[in-house]
Amino acid sequence: MSGTHPPSSAAAEGPANPWPALWALVVGFFMILVDVSIVSVATPALIRELDASITEVLWVTSAYALAYAVPLLITGRLGDRFGPKRLYLAGLSVFTLSSLACGLSGSITELVAARVIQGLGASMMTPQTMAIITRTFPVDRRGTAMSLWGATAGAAFLVGPLLGGVLIDSAGWEWIFFVNIPVGVLGLLAAWRLVPDLPTSARTMDWLGIALSAAGLTCLVFAIQEGEQFGWGVIAGPLSIPLLIAAGLALLTTFVWWQSRVQPEPLVPLALFADRNFTLSNVAVTVQGFAVNAMLFPLLVWLQTARQLTPSEAALVIAPQAVFSIILAPLVGRWIDRLHPRLLPSVGLLGFSATLFVLAAVMTPDSPLWLVVIVTCFIGITGACIWGPLATTANRNLPLRLAGAGSGVYNTTRQVGSTVGAAAIAAVMSARLTAEAGPQAASLAGGEGRSAGSASLPPEVVSGLSSAFSQSMLLPAAVVLIGAAAALGMEEMRHRRR
């Protein structure tokens, strides 16, 4: 097989019309993304009803994200070996069953454990979606296919908070997980009927690489999230955060070194990074994953505490941004195949950063909510210019034989960004809440007194909560600028240069 994609549709495998298969895969992909945003709006309810701290509840998302991120490298390869359809169906089955376990959990510990299994199921599904797009769509139509991927993300971030708010207000937090079961069954039937069986290839498994990457990521994420509780500078004690961070970085450095030595098939073929656009797209999507996951928590918790909105009302405030993302996705899909790869993501990332800085400024106790709604609309507008273009650019220059590996690496970096973002924002929120709202911050974050209205909280407490969440928003706003710098360095596509 040639090392580059030919410029015609000859590069595609599978059926002549790949769209039905893609629509079937979108059902499961949509459910994975909904599960992230639907949990974000439930943070105060979980704190209150499971008698947990804000850090413990944020582990509901971090544990899911970590279990999602770590296996992505191997699940991309397993798709090449056993077929992307088989891996997708297995992952969707695990995800659906673990959703039942999440809803039946009676404690925060049980919920976190069930979320780990749910993340493993999600990690089996995601690489297969991108690999199937790369293998079944001709090179000059992948931008349009990826626009559906971007629209799916936008729809998920619309449906997730809205559905979560309605379910929490009417039926209880358990139903944000039970709702996955009928959707999962529908997705299984659609994928079994419509997704083609693609050719497989023998793959060896780099078990040492798997162990090094898993241990390194776990040490790093746990240290970031628990640093505030155990002390960032404490060397001696029950847990040393500095040593844990050092161990995580050392393990990940060893992992990269091992990938340059292992033969014949490393877990991460370093040759992938010889493609400039692949490398820079991975940097940019890592940053975007970090920022999106990090900004949801302070925004939604601020709306439900300092502004005393119900989960449904808080979801309605951020709903318009997802509408804009859905509307713009098809238009951006047409632009992807025509414009220079750097244009859309760099504009989107710079605009996203500016939006978050403005949003931090308007997160005050008395700012009009219509102004907050207008600002959040730009999250959807900029997001439409980021997700689809980055995914298309990352994989377009790769040979088909590396489709699974490239998809696995890209989704891993995106999810690692989300995982670190959740851990980092947990640490920042905990620190700022303590500094601005005092020791009662945890109970206030759980929404106590919400039914009595904002007047039930002293003005100085409301001001402290707003300041804490506003300051937390500055973290993702600043980090996004790294992704914008990476996007500006992208080069023209090879097939277009030819």
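Presented here is a report on the structure given in the accompanying data block. These numbers were taken from a predicted model, which means no experiment stands behind them. (Residues numbered from 1 in each chain as written. Predicted model: local features only at pLDDT ≥ 70, side-chain atom pairs only at ≥ 80, totals over all residues. Heavy atoms only, no water.)

1. Description of the overall build of the protein chain
- Scanning the protein chain from terminus to terminus reveals 20 helices and zero strands.
- Sequence separation of at least 24 residues holds for 86% of the intrachain contacts in the protein chain that already meet a minimum separation of 6.
- Just so you have it, the protein chain exposes about 17,600 Å², and 69% of that area is on carbon and sulfur atoms. (Helix = DSSP H or I, 4+ residues; strand = E, 2+ residues; numbered from the N terminus. Contact = heavy atoms within 4.5 Å. Areas by Shrake-Rupley, 256 points an atom, 1.4 Å probe, with all protein chains shown as cover.)

2. Some remarks on the nonpolar core
- Membership of the largest hydrophobic core comes to 115 residues, with the highest contact counts inside it found for Phe352 and Leu359.
- Per-element accounting of this core gives the leading share, 17 residues, to helix H12 (residues 276-305).
- Leaving out residues up to four positions away in the same chain, Phe352 has contacts with Gln288, Ala291, Val292, Met295, Ile379, Thr382, Ile386 and Val480.
- Of all hydrophobic cores here, the second largest spans 20 residues; its members include Ala21, Leu72, Leu89 and Val195. (Core = buried A, V, L, I, M, F, W, Y, C linked by side-chain atoms within 4.5 Å. Buried < 20%, exposed > 50% of the residue type's maximum accessible area, 1.4 Å probe, protein only.)

3. Description of the packing of aromatic side chains
- Using the criterion set out here, one finds six aromatic pairs in the structure.
- Plain terms: the ring middles of Trp173 and Phe177 are 6.3 Å apart, the flat faces sit at 85° to each other, and that makes the pair edge-to-face.
- Assessed through its relative accessible area of 0%, Phe177 is described here as buried.
- Plain terms: the ring middles of Phe273 and Phe278 are 5.4 Å apart, the flat faces sit at 65° to each other, and that makes the pair edge-to-face.
- Judged by relative accessible area, which is 0%, Phe278 ranks as buried.
- The ring of Tyr64 carries the charged tip of Arg115 above its face, separated from the ring centre by 4.2 Å. (Phe/Tyr/Trp six-rings, centres within 6.5 Å; stacked < 30°, edge-to-face > 60°. Lys NZ or Arg CZ within 6 Å of the ring centre and 35° of its normal.)

4. Digging into the pattern of salt bridges
- Evaluation of the coordinates by the stated rule reveals two salt bridges.
- Among the ionic pairs, Arg432 bridges to Glu436, the shortest N-O distance being 3.2 Å. Placement of the pair is Arg432 and Glu436 together in helix H17 (residues 403-437), with a separation of four residues, close to one helical turn. (Salt bridge = Lys/Arg side-chain N within 4 Å of Asp/Glu carboxyl O.)

5. Some remarks on the side chain of Ser240
- Considering the arrangement of structural elements, one finds Ser240 in the loop between helix H10 (207-230) and helix H11 (241-259).
- With relative accessibility at 10%, the residue Ser240 sits in the buried group.
- Among the polar contacts made by the side chain of Ser240, one reaches the main-chain amide nitrogen of Leu243 at a distance of 3.4 Å.
- The contact partners of Ser240, leaving out residues within four places of it in the chain, are Val234 and Ile235. (Polar contact = N/O pair within 3.5 Å; in protein donor to acceptor, adjacent residues only side chain to side chain.)

6. Regarding unusual backbone geometry
- Positive phi is not limited to glycine here, since Asp51 has a value of about 50°.
- Its relative accessible area of 71% is what places Asp51 among the exposed residues.
- For Gln308, which is not glycine, the phi dihedral falls at a positive 60°.
- Following the sequence through the fold, Gln308 ends up in the loop between H12 and helix H13 (311-336).
- The buried category is assigned to Gln308, whose relative accessible area is 10%.

7. Notes on the packing of helix H3 (residues 54-69) against helix H6 (residues 108-136)
- Running from amino to carboxyl end, H3 crosses H6 at an angle of 30°, the nearest separation of the two axes being 6 Å. Judged by the inter-axis angle, H3 sits roughly parallel to H6. In this structure, the crossing between H3 and H6 has a hand that is right-handed. Contacts from Glu56, Val57, Trp59, Val60, Thr61, Ala63, Tyr64, Ala67 and Tyr68 of H3 reach H6 at Ile108, Leu111, Val112, Arg115, Val116, Gln118, Gly119, Leu120, Ala122, Ser123 and Thr126.
- Counted by class, the contact of H3 with H6 contains 13 nonpolar, five polar and two charged residues. (Axes fitted to C-alpha atoms, helices over the stretch in contact; angles between N-to-C directions. Parallel < 35°, antiparallel > 145°, perpendicular 65-115°, else oblique. Left-handed = near helix turned anticlockwise from the far one by under 90°. Nonpolar A, V, L, I, M, F, W, Y, C, P; charged D, E, K, R; others polar.)

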